[in-house]
Amino acid sequence: MAQTKFSSRTILVITIVIAILLIVVIWPLSMIGKGSSATRSDTYADEVYVRILPVAKLELAKAPAAAADGQPRDGATVYKSVCMACHGTGVAGAPKAGDKAAWAPRIATGADALIVSVTNGKGAMPPKGGGADLTEEEIKAAVEHLVGLAQ
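On a predicted model such as this, the values are computed, not experimentally measured, just so you know. (Residues numbered from 1 in each chain as written. Predicted model: local features only at pLDDT ≥ 70, side-chain atom pairs only at ≥ 80, totals over all residues. Heavy atoms only, no water.)

Notes on the overall build of the protein
For step 1, the next point in the chain: For the protein, the helix and strand inventory stands at six helices and zero strands.
For step 2, the next point in the chain: Taken from N to C terminus, the helices and strands of the protein fall in the order α-α-α-α-α-α.
For step 3, the next point in the chain: Burial status across the protein gives 17% buried among its 151 residues.
For step 4, the next point in the chain: When contacts within the protein are restricted to residue pairs at least 6 apart in sequence, long-range pairs at least 24 apart make up 54% of them.
For step 5, the next point in the chain: Put simply, the protein shows about 11,600 Å² of open surface, and 64% of that area lies on carbon and sulfur atoms. (Helix = DSSP H or I, 4+ residues; strand = E, 2+ residues; numbered from the N terminus. Buried < 20%, exposed > 50% of the residue type's maximum accessible area, 1.4 Å probe, protein only. Contact = heavy atoms within 4.5 Å. Areas by Shrake-Rupley, 256 points an atom, 1.4 Å probe, with all protein chains shown as cover.)

So this is what it looks like as C-alpha cells:
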C-alpha cells in the first residue's frame with residue numbers, strides 16, 4: 001500500500017476551494033424566500049421597526065406647579081406630589097409618614113426646625129425635598145401635614 005502525503009500548500013488550497021464552494025452554494029440557498037430589498041414594501045420595514053422598539057419608555061415630567069389660581073398648594077397636595085416619593089416608603093432613611101416613633105424626636109425639635117431642614121435639605125433629602133418650585137407657605141403646609149400624620 002502506497003502512502004500519499006499532501007504538502008501543506010495542497011491542504012491550504014483544498015481548504016480554500018471547499019470554503020468557496022460552500023459560500024457559492026449556501027449563500028444563495030439562505031436567500032430563498034427573502035426577496036430583494038427593492039421588492040420589500042414599506043409596511044415590512046414598519047413591522048420590523050415595531051418589533052425592535054423598546055418594551056417601555058421613560059418620560060420625566062416636572063411636578064405640577066402651583067394651582068392656576070395662583071394660590072399655594074395645600075399640605076396634602078405637596079406631600080403627594082413631592083414628599084411621598086421618599087416618605088411614603090422610607091427611601092434612603094426617610095421617616096415614613098405616620099410612623100410615630102420615627103417622627104417623635106423630629107417633632108420635638110419644633111416646626112421651625114423641620115421647615116429649615118426641608119428648605120436646606122438634610123441627609124439624602126435635597127433642598128425643598130426636591131420640589132424646587134415650592135414656596136415657603138407650601139413647605140410649611142407639607143410639614144404640618146406630615147406632622148399631623150405622625151400624631
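Things to note about the packing of helix H4 (residues 100-108) against helix H6 (residues 136-150)
For step 1, the next point in the chain: Relative to each other, H4 and H6 sit at 130°, their axes nearing to 9 Å. Taken together, the axes of H4 and H6 are oblique relative to one another. Between H4 and H6 lies a crossing of left-handed hand. Residues Lys 100, Trp 103 and Ile 107 of H4 lie in contact with H6, whose contacting residues are Leu 146, Val 147 and Ala 150.
For step 2, the next point in the chain: When its residues are assigned to classes, the contact of H4 with H6 shows five nonpolar, no polar and one charged. (Axes fitted to C-alpha atoms, helices over the stretch in contact; angles between N-to-C directions. Parallel < 35°, antiparallel > 145°, perpendicular 65-115°, else oblique. Left-handed = near helix turned anticlockwise from the far one by under 90°. Nonpolar A, V, L, I, M, F, W, Y, C, P; charged D, E, K, R; others polar.)

Structural notes on the layout of surface pockets
For step 1, the next point in the chain: One number sums up the size of the largest pocket: a volume of about 760 Å³.
For step 2, the next point in the chain: As for the largest pocket, its lining consists of 39 residues, of which His 87, Val 118, Lys 122, Met 125 and Gly 129 are closest to the centre.
For step 3, the next point in the chain: Going through the elements one at a time, helix H3 (75-87), H4, helix H5 (111-120) and H6 are the ones with two or more residues in the lining of the largest pocket. (1 Å grid on protein atoms, 1.4 Å probe; cavity = no way out; pocket = protein on both sides within 12 Å on 5 of 7 lines; lining within 4 Å. Points joined across faces, edges and corners; volume = space filled by probe spheres on them.)

Regarding the nonpolar core
For step 1, the next point in the chain: Of all hydrophobic cores here, the largest spans 15 residues; its most connected members are Cys 83, Ile 139 and Val 143.
For step 2, the next point in the chain: At the level of secondary structure, the elements contributing two or more residues to this core comprise H3, H5 and H6.
For step 3, the next point in the chain: In terms of residues, this core owes the most to one element, H6, which gives six residues.
For step 4, the next point in the chain: With residues near it in sequence (within four places) discarded, Val 143 still touches Ala 111, Leu 114, Ile 115 and Val 118. (Core = buried A, V, L, I, M, F, W, Y, C linked by side-chain atoms within 4.5 Å.)

Notes on the side chain of His 87
For step 1, the next point in the chain: Of note, His 87 is situated in helix H3.
For step 2, the next point in the chain: Look at His 87 and you get buried, because its relative accessible area is 11%.
For step 3, the next point in the chain: At a separation of 2.7 Å, a polar atom in the side chain of His 87 contacts the main-chain carbonyl oxygen of Pro 95. (Polar contact = N/O pair within 3.5 Å; in protein donor to acceptor, adjacent residues only side chain to side chain.)

Remarks on unusual backbone geometry
Excluding glycine, residues mostly have negative phi values, and the peptide bonds linking residues are mostly trans.
For step 1, the next point in the chain: Even without glycine at this site, Ala 92 takes up a positive phi of about 55°.
For step 2, the next point in the chain: Its place among the elements puts Ala 92 in the loop between H3 and H4.
For step 3, the next point in the chain: We note that Lys 128 has phi near 60°; this positive angle belongs to a residue other than glycine.
For step 4, the next point in the chain: Following the sequence through the fold, Lys 128 ends up in the loop between H5 and H6.

Topic: the confidence of the model for the protein
For step 1, the next point in the chain: Residues at a pLDDT of 70 or more form 82% of the protein, whose mean pLDDT is 81.
For step 2, the next point in the chain: Least confident of the elements in the protein is helix H2 (residues 42-52), whose mean pLDDT is 76; most confident is helix H1 (residues 8-30), at 90. (pLDDT = per-residue confidence, 0-100.)

So, the pattern of salt bridges
For step 1, the next point in the chain: Using the criterion set out here, one finds two salt bridges in the structure.
For step 2, the next point in the chain: Of the charged contacts in the structure, one is a salt bridge between Arg 73 and Asp 133, with a shortest N-O distance of 3.6 Å. Taken together, the residues span a long stretch of sequence, with Arg 73 in the loop between H2 and H3 and Asp 133 in the loop between H5 and H6 at a distance of 60 residues.
For step 3, the next point in the chain: Given the relative accessible area of 8%, Arg 73 is considered buried.
For step 4, the next point in the chain: When its relative accessible area of 29% is taken as the criterion, Asp 133 is described as partly exposed.
For step 5, the next point in the chain: The partner of Glu 138 in a salt bridge is Arg 73, and the shortest N-O contact between them spans 3.1 Å. Here Arg 73 lies in the loop between H2 and H3 and Glu 138 lies in helix H6, a separation of 65 residues in the sequence.
For step 6, the next point in the chain: The exposure class of Glu 138 is buried, given its relative accessible area of 1%. (Salt bridge = Lys/Arg side-chain N within 4 Å of Asp/Glu carboxyl O.)

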